[in-house]
Amino acid sequence: MGSGGLELPPGDEGHEGNAADVQPATVSLARPMETGSIGPELDWDADAWHEVRTRAQRAGRAYIWLNLVEQRLRAVVSALVRPIYEPVHGDEWVVAAAGPAGQEWVQRAVAVREVSRRKGYLLDPADDNVLSFLTLPQLRELMVQHWPCFEPYFDDRRDVELALDELEVTRNVVSRNRALSEAVLNQAERASARLLEVLGAGGDVPSARRLPVDAVESLVGDRYADVVAVHSDRVRLMRQFPAEDIFGGARRVDAIGIGLNLLVQNFSGRRMVRVAEAGCRVRLLFLNPASSAVKRRERELGIKRGELSRAVEMNILHMRRVRARLRDPGAFEIQVYDETPRFTAYLVDGDGSDGIAVVQSYLRRTRGMEAPVLVLRNGSRVVKTDEVDEGGLFATYREEFELAWSDSRPVS
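Notes on the structure follow. (Residues numbered from 1 in each chain as written. Predicted model: local features only at pLDDT ≥ 70, side-chain atom pairs only at ≥ 80, totals over all residues. Heavy atoms only, no water.)

Looking at the pairing of strand S5 (residues 343-348)
A regular strand carries its side chains on alternate faces of the sheet. Most of S5 is tucked away: six of the six residues are buried. Strand direction decides the pairing type here: strand S2 (residues 252-256) and S5, joined by four bridges, are antiparallel. Each bridged residue has a counterpart across the sheet, and for Val253 the counterpart in S5 is Val348. For S5 and strand S6 (residues 356-361), the ladder comprises six bridges, and the chain directions are antiparallel. Across the sheet, the residue bridging to Ala345 is Val359, located in S6. (Buried < 20%, exposed > 50% of the residue type's maximum accessible area, 1.4 Å probe, protein only. Helix = DSSP H or I, 4+ residues; strand = E, 2+ residues; numbered from the N terminus. Pairing = 2+ DSSP bridges.)

What follows is the structure, encoded as structure tokens:
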């Protein structure tokens, strides 16, 4: 008899009864697939695969952030609460710190620890303590209960609690493997970064003020030299990294390309004047609009003769007007070159460890707006490894700029 009270059919004719004797009220069992395939009716199509991969990517990013926050909060709780309770209660200091209000959840953590011990789930002896089995909300409870211990180190308790509240939705979604929307993921990343900063674990990378270091870069950034972002075109770059974030507050801008549209057309002349007057030194290297290289590029793109050269001329004239409004025009240099253009690069603060570069290669029949974009971070790797640092791409493009600059002619 089955669990629903229905009779199961016999397995084969070798046993008592046969398939012909099955009563109408019985349930037939599905036969295994002969081909070993799961069957086309259960296959995932391209849209289904795209959906599950998107879910996995978002959940993976969120998990990294949550893991970092939880580890940091656990370390802070241990540093500030443990010295108070451990001298009296020894290894049971977490149970004592939880007190009567937290007896239920701390005992649950103790039980999970014991099960993990018996089943061999404790792979690192350093995790053989109750604190390692507390969840993010439970660590928060310990912090709230013992806030006088934390108050000297944090300006505002409310900021910490609000950030933890924002993470709670993400934590529940990730722990249950449900769909995480992009908006909630972005909120979780911002809250996590803010929490890590408050908890004293912010990144020490100088360029983080312009291009924040995220959790994924912190963990696997050394796999990709100094490339910190790749965008399929300039439109997607501008959505994630607007011109104001790139050039605003810069102390040095070196740019080489054909028309330098990323700077000229996306960063207003008035704003450029303010940045330059604040002390930013600018060197702009345009392709000579009268050169044969411009004509070849026009043929490659299939545009009318003279169209590209006029666009470059307009950009140069616009930058000359900006230069004319400065008290120190010598700090705003404009030059042109006649060689075949190979790439466009914007090197911001490239003379220091806080430099950022936006680089695009020129492709046949592909306008600059549609070409792939690399974002580079100057300075040492975010993650230090034992391998010899062979350097990144930033220095390569900076050297290419200097060579082209030395061979170019100034624009009066």
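Brief notes about helix H1 (residues 46-89)
Along H1, the largest kink reaches about 60 degrees and is centred on Arg82; proline Pro83 follows within four residues of it. N-capping of H1 is provided by Asp45, with a side-chain oxygen placed 3.3 Å from the backbone N of Asp47. Downstream of H1 by one or two residues, Gly90 has phi in the positive range, about 60 degrees. (Bend = angle between axes of the 7 residues up to and from the residue. Polar contact = N/O pair within 3.5 Å; in protein donor to acceptor, adjacent residues only side chain to side chain.)

What to know about the sheet that holds strand S7 (residues 373-377)
Taken together, the eight strands give an open sheet; going across it, the order is S1-S7-S6-S5-S2-S3-S4-S8, and neighbouring strands pair in mixed fashion. Only two strands of the sheet have a single neighbouring strand rather than two, namely strand S1 (227-231) and strand S8 (409-410). Sheet strands in contact with helix H14 (residues 307-324) are strand S3 (281-287) and strand S4 (332-337), and its direction is about 160 degrees off that of S4. In this fold helix H15 (residues 394-406) packs onto S2, S3, S4, S5, S6 and S7, with an angle of close to 75 degrees to the strand it touches most, S3. (Contact = heavy atoms within 4.5 Å. Axes fitted to C-alpha atoms, helices over the stretch in contact; angles between N-to-C directions.)

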